[in-house]
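Topology and contacts: notes
The primary structure of each chain is shown beneath.
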Amino acid sequence: MQDRFDEILKARLTHDNYIKIADLTNHKIHQFVAETIELCNPDSVFVCTDSPEDIACIRRRATELGEEKSLATKGHTYHFDGYTDQGRDKANTRFLLPKGWDLGSSLEEVVDKDEGLLEMKGILKNIMAGKEMFVRIFCLGPTNSRFSISAVQLTDSAYVSHSEDLLYRPGYEQMRRIGDSPDFFRVLHSSGELENHISKNVDKRRIYIDLEDDIVYSVNTQYAGNTVGFKKLSLRLSIRRAMREGWLSEHMFVMGVHGPNNRTTYFTGAFPSFCGKTSTAMIPGEAIIGDDIAFLRNIDGRVRAVNVECGVFGIIEDVNAKDDPLIMKALTDPGEVIFSNVLIAEAKPYWTGDGRAHPDKGINYSGEWFKGKKDKNGKDIPPSHKNARYTINLKALANLDPRADDPEGVEVSGIIYGGRDSDTWVPLEQSFSWAHGVVTMGASLESETTAATLGKEGVRSFQPMSNLDFLSMPVGEYIAAHLKFEEQLKIKPIIFGGNYFLRDRDGKYLNDKKDKYVWLKWMERRVHGEVDAITAPTGYIPLYEDLEKLFREVLNKEYSFEDYEKQFTIRVQENLRKIERILNIFDKEPSTPGIFFEVMDEQKHRLLEAQEQFGDCIPPVKFQ
Ligand code: SPV
Ligand code: MN
């Protein structure tokens, strides 16, 4: 170890903690911890080796420090984030841009790296005085695997650290395995000054991402999407690394869908937040591997995927025994659960849409809460925040796939892209080819904004691969990487488009929440060539007979031809307008590959031809 860092670590860590960090022969981790101590000046430092005692200590500290409080059910705790700290803070999340770098025009804000670092270091100076700093080492993806990426988080929040225990695979041993390699992600977080356990200095909330050095800084915030660095913050880092190395890092679930003869067929699915990604991955009877972030690699000509995480930080609104029985069981059985930003009354958690009678008062993210409480604009404050969440380990779920930790991942047969789209896409369709799927489904994904990010809801926005918020390169280059990924594949997954949110002209949803159970079964059958399809201008769509049969088998439900027609009518004008909107964006992206425009053009011509023959709203039978 370099003398200077060694001196700092020896002076500022207890002997036990010094041994734990010195035991790792990695110079860069020593430097990171030592320099952070110098900058942030914590009172004490706890190094977690992932031993059961160390993990228990973190959990205990979260309640001792008051960041979490215990609930009546064993293992359950709750945590509140500040009133204005209830979602990913896009406005204050910036890339630190080195001189000469260009990230394209569609990305979030950037700040000059030197200036941003200066500002950040100013805010971080002495910020941990009086606090304990936790040193956490995780592994993104399964350990000891070609997918593994080591990751180190320094934080003064025991809640963040505890959440990470539920969400990430332990990485201390993996860090030993990589020896002195400098190749790992770093996250430095501080909740900053606290008042009633809540970050106080919201005006100095900053999240800066340094793509050059693979490091993220996050300060004066507690919401896990801004602080648990290995969610979306380091997703930005892995997206770039994936592009450099020829694999994909995606905002996707990974799940197994069961088919005839006990077969399991694996799918990944990219949906923006609040668009059914987690509830799809947790469909009872199917098998979950992950619900949020996946790495996909070409291994021997086939696509294989792993879950980057091993837990769920899921939206709790509308989770109830009827719609999400598996999640509900995990949230009510004894076991480790962190509830955030729900209503608490008599040591019990409540949330909107939980299907239970609610007390008239309690505490929530707004403080003391009572029925009818209004915000400063006179709007009702709901019992739980719309983006209230639960954090659990996947082991709490009855349907965890046995291959969830397989170092080689699972072979992916289908990839689904879906958004919150009230008027354009049919609920389900299959692409004609990899390029058609990448271009017209993945890259053309649009979704109406939700409470997952701070800001106005319900605004249709461009969401390529559900990953726009996390892109760390020009979007044209990102799409080109997807197109290129196909080139070396011997067996290609089938790409599907999905939309759970289609409405009729009166604004009524055309599908039930559980219809997705059937869509997955149809896709599974398509992968194996066991059901036929209709060739529509936008893709292959299901036949009524097949869906009717599957609805009966899967949901024991009559599926009417009338519903089918309404759901699968091709809305030509809407699709054409969508093409224009998407082209408008990619026209300005010089890195977009030519094939993108060819595929869009072909789709446009198919739609125009169909329009000429059948008009603006074309029921599927017309294409049969
Ligand atoms: C999402 O919003 O997409 C999430 C939660 O999965 S967050 O960690 O906030 O990104
Ligand atoms: Mn997500």
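Rules of the game
Residues numbered from 1 in each chain as written. Chains lettered and ligands numbered in written order. Predicted model: local features only at pLDDT ≥ 70, side-chain atom pairs only at ≥ 80, totals over all residues. Heavy atoms only, no water. Donors = N, O, S within 2.8 Å, 3.2 Å for Na, K, Ca; no water. Helix = DSSP H or I, 4+ residues; strand = E, 2+ residues; numbered from the N terminus. Core = buried A, V, L, I, M, F, W, Y, C linked by side-chain atoms within 4.5 Å. Buried < 20%, exposed > 50% of the residue type's maximum accessible area, 1.4 Å probe, protein only. Contact = heavy atoms within 4.5 Å. Domains from an automatic or database assignment. Buried area = accessible area lost by both parts, 1.4 Å probe. Salt bridge = Lys/Arg side-chain N within 4 Å of Asp/Glu carboxyl O. Near = heavy atom within 4 Å. Polar contact = N/O pair within 3.5 Å; in protein donor to acceptor, adjacent residues only side chain to side chain. Areas by Shrake-Rupley, 256 points an atom, 1.4 Å probe, with all protein chains shown as cover. 1 Å grid on protein atoms, 1.4 Å probe; cavity = no way out; pocket = protein on both sides within 12 Å on 5 of 7 lines; lining within 4 Å. Sits in = over half its atoms within 2 Å of the grid points. Nonpolar A, V, L, I, M, F, W, Y, C, P; charged D, E, K, R; others polar. Pairing = 2+ DSSP bridges. Axes fitted to C-alpha atoms, helices over the stretch in contact; angles between N-to-C directions. Phe/Tyr/Trp six-rings, centres within 6.5 Å; stacked < 30°, edge-to-face > 60°. Lys NZ or Arg CZ within 6 Å of the ring centre and 35° of its normal. Parallel < 35°, antiparallel > 145°, perpendicular 65-115°, else oblique. Left-handed = near helix turned anticlockwise from the far one by under 90°. Expected span 1.5 Å × (residues − 1). Points joined across faces, edges and corners; volume = space filled by probe spheres on them.

**Thoughts on the coordination of the manganese ion (ligand 2)**
In this structure, Lys-232 (NZ), His-251 (NE2) and Asp-292 (OD) serve as the protein donors to the manganese ion (ligand 2), at separations of 2.1 to 2.4 Å. Each donor residue of the manganese ion (ligand 2) belongs to the same chain, with the gaps between them written as K-x18-H-x40-D. Separated by 19 residues along the polypeptide, Lys-232 in helix α9 (residues 232-245) and His-251 in the loop between β14 (248-250) and β15 (252-259) bring together distant segments of the chain.

**Here we look at the nonpolar core**
Counting 147 residues, the largest nonpolar core has Leu-331, Tyr-390, Ile-479 and Trp-519 as its most contacted members. Every residue in contact with Ile-479, bar those within four places of it in the chain, is listed here: Val-438, Ala-443, Met-465, Phe-586 and Phe-596. If you look at the next biggest cluster of nonpolar residues, it comprises 37 residues, including Val-111, Ile-127, Tyr-172 and Ile-215.

**Brief notes about the domain arrangement of the chain**
In terms of domain boundaries, the chain breaks down into domain 1 (2-66 + 89-230), domain 2 (249-309 + 404-623) and domain 3 (313-396). Centre-to-centre, using C-alpha coordinates, domain 1 lies 35 Å away from domain 2. The contact between domain 1 and domain 2 buries some 2,000 Å² in all, and 56% of this surface belongs to carbon and sulfur atoms. In this assembly, domain 1 and domain 2 are joined by 3 salt bridges.

**A few points about the site of ligand 1**
The local shell around ligand 1 holds 11 residues, among which Arg-88, Tyr-223, Lys-231, Lys-232 and Ser-273 are the closest. Here an oxygen atom of ligand 1 sits 3.3 Å away from a polar atom, N or O, in the side chain of His-251. In this structure, an oxygen atom belonging to ligand 1 sits 2.5 Å away from a side-chain N or O atom of Ser-273. For ligand 1, the protein covers 97% of the area, taking 280 Å² as the surface of the free molecule. With respect to the pocket detection grid, ligand 1 is positioned in the largest pocket. Here the shell around ligand 1 is composed, by residue class, of 3 nonpolar, 3 polar and 5 charged.

**Regarding the environment of Thr-36**
Examined against the element boundaries, Thr-36 turns out to sit in helix α3 (residues 27-40). When the C-alpha positions of Thr-36 and Gly-246 are compared, they lie 33 Å apart, and in sequence the two are 210 residues distant. Ignoring sequence-local partners within four residues, the contact set of Thr-36 consists of Asn-41, Pro-42, Met-133, Leu-154 and Leu-188.

**Remarks on the sheet that holds strand β20 (residues 311-315)**
Think of a sheet as strands paired side by side through backbone hydrogen bonds, with each pair either parallel or antiparallel. Strand order in the open sheet formed by 5 strands is β2-β3-β21-β26-β20, and the pairing between neighbours is mixed. Bordering the open sheet on either side are β2 (69-70) and β20, each of which pairs with just one other strand. Where strand β3 (residues 76-79) and strand β21 (residues 337-340) come together, 4 bridges link them in parallel fashion. Within the sheet, the bridge partner assigned to His-76 lies in β21 and is Val-337. Across the sheet, helix α6 (residues 158-167) is in contact with β3, β20, β21 and β26 (389-393); its angle to β26 comes to roughly 55°.

**Things to note about the packing of aromatic side chains**
Per the counting criterion, the structure on display carries 30 aromatic pairs. Seen in terms of ring centroids, Phe-561 and Tyr-564 are 5.7 Å apart; in terms of plane orientation they differ by 40°. Their pairing is tilted. Highlighted residues: Phe-561 and Tyr-564, both in helix α16 (residues 561-568), separated by 3 residues, approximately one helical turn. Directly above the ring of Phe-46 sits Lys-20, whose terminal nitrogen or CZ lies 4.5 Å from the centroid. If you follow Arg-297 out to its NZ or CZ, it ends over the ring of Phe-147, 5.8 Å from the centre.

**Some remarks on the packing of helix α12 (residues 434-442) against helix α13 (residues 475-485)**
Orientation of α12 relative to α13, taken along the N-to-C sense of each, is 160°, at an axis distance of 9 Å. On the basis of their axis angle, the class for α12 and α13 is roughly antiparallel. Where α12 crosses over α13, the two elements pack in a sense that is right-handed. Residues Trp-434, Ala-435, Val-438 and Val-439 of α12 pack against Ile-479, His-482, Leu-483 and Phe-485 of α13. Residues that form the contact of α12 with α13 fall into these classes: 7 nonpolar, 1 polar and no charged.

**Description of the environment of Glu-64**
Structurally, Glu-64 can be placed in helix α4 (residues 52-64). Judged by its relative accessible area of 49%, Glu-64 is partly exposed. It is 59 Å that separates the C-alpha atoms of Glu-64 and Glu-545, two residues lying 481 residues apart in sequence.

**Let's talk about α9**
For α9, spanning 14 residues, the distance from its first C-alpha to its last is 20 Å, which sits close to the expected 20 Å at 1.5 Å a residue. Of all the 14 residues making up α9, 11 are buried; the element is thus mostly covered by neighbouring parts of the structure. Just downstream of α9, Gly-246 is the residue with a positive phi angle, here 85°.

**Considerations on the pairing of strand β6 (residues 132-140)**
By the criterion of burial, β6 is predominantly enclosed, with 9 of the 9 residues buried. Here β6 shows no split at all, with Glu-132, Phe-134, Arg-136, Phe-138 and Leu-140 on one side and Met-133, Val-135, Ile-137 and Cys-139 on the other all buried. Pairing between strand β1 (residues 44-47) and β6: 4 bridges, direction parallel. The partner of Val-47 across the bridge, within β6, is Val-135. Alignment of β6 against strand β8 (residues 169-170), held across 2 bridges, turns out to be antiparallel. Bridge pairing in β8 places Phe-138 opposite Pro-170.

**What to know about the layout of surface pockets**
Rolling a probe over the atoms, with the probe sized like a water molecule, indicates the empty space that remains. Of the voids in this model, the largest pocket is the one considered here, and its volume is about 1,000 Å³. Along the walls of the largest pocket sit 48 residues, with Phe-274, Cys-275, Gly-276, Ser-279 and Arg-420 positioned nearest its centre. Elements with a contribution of two residues or more to the lining of the largest pocket: α10 (277-281), β20, β26 and α14 (515-527). Top contributing element to the lining of the largest pocket by residue count: α14, with 4 residues.

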